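Coordinate analysis (summary)
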Amino acid sequence: FLVASFAVGPLVAVASLSVVPWVVTMPFFGGAIIAATFPAASSTSSLVRGRVARLAWGRILPVLIGVVLVQAGHSPYWAYFAIFLGQNGVSPALTGWVLATAIGAEITFMAFAPALLKRVGARRVLLWGMLSAAVRWTVCGVTTELWILWISQILHAGSYAMVYVAAVALVDDVSPANRKSVGQAVLSACSHGIGLGGGFARAGQCFEALQVNGLMI
């Protein structure tokens, strides 16, 4: 993500947006070619269904709901924030640096996440992350000042990294030993599938009425 953020901005400035579909598509083809070399796996669909049904849903569901809502909040950001910056005079190259700042903050937090989780607990980290998300999207919704928006990208360490890492830890804690991988699969599906995917769909439906600032709030 960091390499793409740094490289695509200058590339767009030189070659126009027509390069974007190629930049997006080529890694998918590369991934498909690599995936074709993987050995075939035995069918485990019935086993997985059984294990999903036996998860501790009463304890997992609140975490899943929280993560879905926070991830849905990221959808307008990923869909429209770069466009929003461009409309306010930010160059493609500088937009890449702004987005890369967010990912840099995420990676930095994850490097120290195990120690923080051990010290304060996953529930508190999850709460901090949710509060960070509320502050972050409010800032993005009320200002167009680049320096403020750029600094606010550091909150990605909270709105995404804290929330997701804490959710992984909480789901792991409440999942039985023989269902931990299934619990993480459900978390990922809810977070990136229902949360981000559903958020993208809703953001697109509301864009004309709310514009980027309204979507952020």
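About the criteria used
- Residues numbered from 1 in each chain as written.
- Predicted model: local features only at pLDDT ≥ 70, side-chain atom pairs only at ≥ 80, totals over all residues.
- Heavy atoms only, no water.
- Helix = DSSP H or I, 4+ residues; strand = E, 2+ residues; numbered from the N terminus.
- Buried < 20%, exposed > 50% of the residue type's maximum accessible area, 1.4 Å probe, protein only.
- Salt bridge = Lys/Arg side-chain N within 4 Å of Asp/Glu carboxyl O.
- Core = buried A, V, L, I, M, F, W, Y, C linked by side-chain atoms within 4.5 Å.
- Contact = heavy atoms within 4.5 Å.
- Expected span 1.5 Å × (residues − 1).
- Bend = angle between axes of the 7 residues up to and from the residue.
- Patch = residues over 30% accessible without salt bridge, like charges linked within 9 Å, V, L, I, M, F, W, Y side chains within 5 Å.
- Areas by Shrake-Rupley, 256 points an atom, 1.4 Å probe, with all protein chains shown as cover.
- Phe/Tyr/Trp six-rings, centres within 6.5 Å; stacked < 30°, edge-to-face > 60°.
- Lys NZ or Arg CZ within 6 Å of the ring centre and 35° of its normal.

1. Notes on the environment of M26
Within the element layout of this structure, M26 appears in helix α2 (residues 20-35). Under the relative-accessibility criterion, M26 is labelled exposed at 56%. Separated by 119 residues in the primary sequence, M26 and E145 place their C-alpha atoms 35 Å from one another.

2. So, the pattern of salt bridges
Going through the model one piece at a time under the given rule, you end up with one salt bridge. Between D172 and K180 there is a salt bridge; the shortest N-O distance is 3.8 Å. The exposure class of K180 is partly exposed, given its relative accessible area of 28%.

3. As for the nonpolar core
Within soluble globular proteins, side chains that are nonpolar generally end up buried alongside one another. If you look at the biggest cluster of nonpolar residues, it comprises 50 residues, and the most contacted ones within it are Y77, F81, F109, L187 and M216. Contributions of two or more residues to this core are made by α4 (57-87), α5 (92-120), α6 (122-142), α8 (156-174) and α9 (180-216). Of the residues forming this core, the biggest block, 13 residues, is contributed by α8. Residue contacts for L187: discarding those within four places in its chain leaves L64, V67, Y164, A167, V168 and V171.

4. Remarks on α8
Helix length check: α8 (19 residues) gives 26 Å between terminal C-alpha atoms against 27 Å at 1.5 Å per residue, within 8%. Its axis deflected by about 30° at M162, α8 carries its strongest bend there. The buried fraction of α8 is high, at 16 of 19 residues.

5. What about a nonpolar patch on the surface?
A cluster of nonpolar residues, W57, L61, I65 and L69, forms a patch on the protein surface that exposes about 390 Å² of accessible area. With respect to the helices and strands, the residue I65 is situated in helix α4. Judged by relative accessible area, which is 46%, I65 ranks as partly exposed.

6. A few points about the packing of aromatic side chains
A complete count under the given rule lists seven aromatic pairs for this structure. Centre to centre, the rings of Y80 and F207 are 4.3 Å apart; their planes meet at 20°, and the pair counts as stacked. You can see Y80 sitting in helix α4 and its partner F207 sitting in helix α9, a full 127 residues away along the chain. With relative accessibility at 15%, the residue F207 sits in the buried group. Plain terms: the ring middles of Y160 and Y164 are 5.8 Å apart, the flat faces sit at 5° to each other, and that makes the pair stacked. Here the residue Y160 and the residue Y164 both occupy positions in helix α8, the gap between them amounting to four residues, near one helical turn. Connected via pairs of aromatic rings, a cluster forms that spans F1, Y77, W78, F81, F84 and W137. Sitting over the face of the ring of Y77, R136 holds its NZ or CZ atom 4.4 Å from the ring centroid.

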